[in-house]
Structure formats: C-alpha cells, structure tokens
Amino acid sequence: MKLTLLSPCIVVVCFASVALAQSPPQKALQSSTQILVVTTPDWNAVEGVLQRYERPRPHKKWKAVGNPITIVVGKNGLGWGAGLVPTDTLATRGTLDPVKKEGDGKSPAGVFRLGTAFGYAAQEQTGWRMPYVNLTQSVECVDDPGSKFYNRVVDRAAVSPDWNSSEHMLLSDGLYRWGIVVDHNANPVTPGSGSCVFMHIWLGRGKGTTGCTAMPQEQLESLLAWLDPARKPLLVQLPFPQYEELRRHWKLPDLPHSDHR
C-alpha cells in the first residue's frame with residue numbers, strides 16, 4: 001500500500017502496487033533487513049505477540065530488537081490475506097484454514113510490505129523515516145467493494161465519491177492518531193478480499209479490531225521511529241503453529257515458545 005501526495009494541497013492515500021502478487025515470500029524476505037513478526041496462539045485468538053527483528057544486510061541471521069509486546073488482531077482472529085503469499089496454493093494454506101474476506105472481522109495472515117505512516121499531526125515525529133501523511137476530516141478509507149476506489153484511502157474533496165461505505169480516518173477515539181498502512185490486497189486489488197488494513201493504537205487488551213493489528217500508543221511510536229523504508233520492512237503475521245511450519249522454508253527467526261501467548 002502506498003500513500004500518494006497528488007499536489008501540495010490535496011492528499012490522496014492510494015493502495016498502489018508495490019509488490020508482485022504472485023512473488024514468493026522468500027524473495028521479499030531475502031531483501032528485507034527489518035521485519036515485524038506477529039504471532040497468535042491460533043486462527044481465532046485476538047491477542048498475540050509482536051517482536052521486531054533486524055539484520056545488518058540480506059541473508060544474515062535475524063536478531064531480536066527490544067522486548068516482545070502484546071498486540072491485538074481482528075475480533076475474529078486471523079485469515080489468510082492477499083500479500084506476498086499466494087493464498088490459492090495448498091503448499092501454504094491448509095484446506096481448512098480461513099481466508100480473509102471483507103467485513104469478516106479478521107486480520108490478514110501472511111507476509112506484507114509496510115507502506116506509509118499516517119496520523120493526526122501535521123508532521124511526523126522527529127526522526128521518523130517512513131513516508132507520512134496527515135489525516136484530515138475529509139480523508140476516508142473506502143470499504144465498498146463496488147467502488148472504483150475500493151481499498152483506497154482518499155480525500156473525498158479530491159475525487160468524485162462513488163461509494164456507499166467508507167471509514168473516516170480522523171476518529172474521535174484517537175485510534176488513528178498514529179498508524180501505518182499494511183500492504184494487503186494491493187496488487188491486484190480484488191473486490192471483497194478485504195480493505196483498510198493498518199497497524200494502529202488499540203483500545204486495550206482483549207479488544208479486537210475490525211481487521212487491523214493494534215497496540216499501545218507508546219509501543220507504536222517506538223515501532224514507527226525504528227522503521228526505515230531503505231531496509232524494506234515487512235510484516236509477517238501468522239498463528240504460531242503455521243509460523244513454525246513455514247519458518248525454515250521462509251528463513252524466519254526462531255521464536256521462543258515463551259513468546260507464544
């Protein structure tokens with residue numbers, strides 16, 4: 001997903017193509033030197049653990065950064081999403097594994113690029129390196145599968161709205177005070193496969209989202225200060241059993257079982 005500045009005055013946040021939909025996750029993982037690993041106990045769990053990892057250059061061993069933190073995912077758990085992992089192959093997806101759909105209350109499982117940071121402040125905090133867009137009252141995320149703007153965050157004032165459903169990004173509860181786009185269902189954009197997936201501030205432990213990954217504000221700020229677009233950061237998000245099955249094949253970090261909650 002990519003947030004695009006169309007002009008100095010008009011911001012449109014577009015879920016643009018940044019990855020080949022059918023590229024194997026190994027290729028993206030090989031070139032990345034920063035990853036966020038999110039694991040949950042199973043497909044239905046709401047709470048999970050996020051651990052940051054980095055390495056000095058591609059192909060080297062991953063090293064944990066900081067302590068694991070508790071996060072929440074969708075209120076109905078996880079389902080295979082559309083990212084760098086083809087979800088139509090049984091080599092990755094089990095026959096009974098859930099697949100994310102629009103409105104299912106699940107966060108996407110798989111490997112995803114991280115896009116642009118966003119927030120209510122006019123400017124990002126000092127030292128942040130990810131591209132940043134300030135959210136305003138007219139910025140919305142379109143979740144109507146029938147709209148040509150489906151799975152895009154757009155400035156209503158800059159386009160001709162054709163949608164019947166959207167999410168206003170400037171929320172009264174402050175959940176999007178800071179956040180970052182997760183590149184889910186971006187290339188190609190498939191109507192009905194899920195939209196508007198972010199990492200953002202949570203409501204608290206055990207309080208699942210509509211399909212995002214959320215955490216305390218302090219932890220999110222630390223994460224955003226650490227991320228560097230030059231290091232091609234990725235989100236790897238899976239139930240722990242699936243992570244263990246795929247870990248060696250994808251050359252992922254070895255997770256302590258104590259991190260699995």
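Just so you know, these numbers come straight off a predicted model, no measurement behind them. (Residues numbered from 1 in each chain as written. Predicted model: local features only at pLDDT ≥ 70, side-chain atom pairs only at ≥ 80, totals over all residues. Heavy atoms only, no water.)

Before we go on, may I ask you to explain the overall build of the chain in this structure?
Along its length, the chain carries 3 helices and 15 strands. As presented, the chain carries roughly 11500 Å² of accessible surface, and 50% of it is formed by carbon and sulfur atoms. (Helix = DSSP H or I, 4+ residues; strand = E, 2+ residues; numbered from the N terminus. Areas by Shrake-Rupley, 256 points an atom, 1.4 Å probe, with all protein chains shown as cover.)

Which parts of the structure should I look at to understand the environment of Lys-75?
On the secondary structure map, Lys-75 appears in the loop between strand E5 (63-72) and strand E6 (78-80). Given a relative accessible area of 51%, Lys-75 falls into the exposed group. Between the C-alpha atom of Lys-75 and that of Asp-104, which follows or precedes it by 29 residues, the distance is 9.0 Å. When sequence neighbours within four positions are dropped, the list of residues in contact with Lys-75 reads Val-46, Gly-105, Gly-208 and Thr-209. (Buried < 20%, exposed > 50% of the residue type's maximum accessible area, 1.4 Å probe, protein only. Contact = heavy atoms within 4.5 Å.)

So what exactly am I meant to see when it comes to the pairing of strand E3 (residues 34-40) here?
Consecutive residues of a regular strand have side chains that alternate between opposite faces of the sheet. Counting buried residues in E3 gives 7 out of 7 residues, a clear majority hidden from the surface. Going residue by residue along E3, you find Gln-34, Leu-36, Val-38 and Thr-40 tucked away on one face and Ile-35, Val-37 and Thr-39 tucked away on the opposite face as well. Taken together, the 6 bridges between E3 and strand E4 (residues 47-54) define a ladder with antiparallel strand orientation. By the bridge assignment for E4, Gln-34 is matched with Glu-54. Remark: 6 residues form the turn of the hairpin made by E3 and E4, two consecutive strands paired antiparallel. Bridge count between E3 and strand E15 (residues 234-239): 6 bridges; the pairing is parallel. The partner of Thr-39 across the bridge, within E15, is Leu-238. (Pairing = 2+ DSSP bridges.)

Which parts of the structure should I look at to understand unusual backbone geometry?
Across the chain, the bulk of peptide bonds are trans and the bulk of non-glycine residues have phi less than zero. Geometrically, the link from Asn-187 to Pro-188 is a cis peptide bond, its omega value of -5 degrees lying close to zero. Within the element layout of this structure, Pro-188 appears in the loop between strand E12 (178-182) and strand E13 (198-201). The backbone of Cys-196 sits at a positive phi, close to 55 degrees, despite the residue not being glycine. Looking at the secondary structure, you find Cys-196 in the loop between E12 and E13. Take Cys-196: its relative accessible area is 7%, and that puts it in the buried class. Not every positive phi belongs to a glycine, and Lys-232 is a case in point at roughly 55 degrees. Assignment of secondary structure puts Lys-232 in the loop between helix H2 (217-226) and E15.

What is the right way to look at the pairing of strand E7 (residues 107-119) in this model?
Counted residue by residue, E7 has 12 buried out of 13 residues, so it is predominantly covered. Taken together, the 3 bridges between E6 and E7 define a ladder with parallel strand orientation. Pairing of Trp-80 across the sheet is with Ala-109, part of E7. Across 4 bridges, the pairing between E7 and E15 is antiparallel. When the bridges of E15 are listed, Phe-112 appears paired with Leu-235.

When you look at the state of the cysteines in this model, what are you seeing that I'm missing?
Each disulfide is one covalent bond, formed between the sulfur atoms of two cysteines. Counted by the stated rule, this structure contains 1 disulfide. Looking at the unpaired Cys-212, the closest cysteine sulfur is the one in Cys-196, lying at 8.0 Å. (Disulfide = S-S within 2.5 Å.)

Explanation requested: the side chain of Asp-143 in the structure shown.
If you trace the backbone, Asp-143 turns up in the loop between strand E9 (139-142) and strand E10 (153-155). We note that Asp-143 is buried and unpaired, the nearest opposite charge coming from Arg-156 at a distance of 10.0 Å. (Lys, Arg positive; Asp, Glu negative; His and termini not counted. Salt bridge = Lys/Arg side-chain N within 4 Å of Asp/Glu carboxyl O.)

Even after reading the chapter, I still don't get the pattern of salt bridges, so can you show me in this structure?
When charged atoms on two side chains of opposite charge get close, those side chains can pair. Tallying each qualifying case throughout the model produces 7 salt bridges. Ionic pairing is found between Glu-54 and Arg-231, a salt bridge with its closest N-O pair at 3.4 Å. Of this pair, Glu-54 sits in strand E4 while Arg-231 sits in the loop between H2 and E15; the two residues are 177 residues apart in sequence, bridging distant segments of the chain. Since its relative accessible area comes to 26%, Glu-54 is described here as partly exposed. Classification of Arg-231 as partly exposed rests on a relative accessible area of 22%. For the salt bridge of Glu-140 with Arg-156, the shortest nitrogen-to-oxygen distance reads 2.5 Å. Taken together, the positions of Glu-140 in strand E9 and Arg-156 in the loop between E10 and strand E11 (166-168) put the pair 16 residues apart, joining distant regions of the chain. Take Glu-140: its relative accessible area is 1%, and that puts it in the buried class. Each of Glu-244, Arg-247 and Asp-254 takes part in salt bridges that share partners, so that together they form one network.

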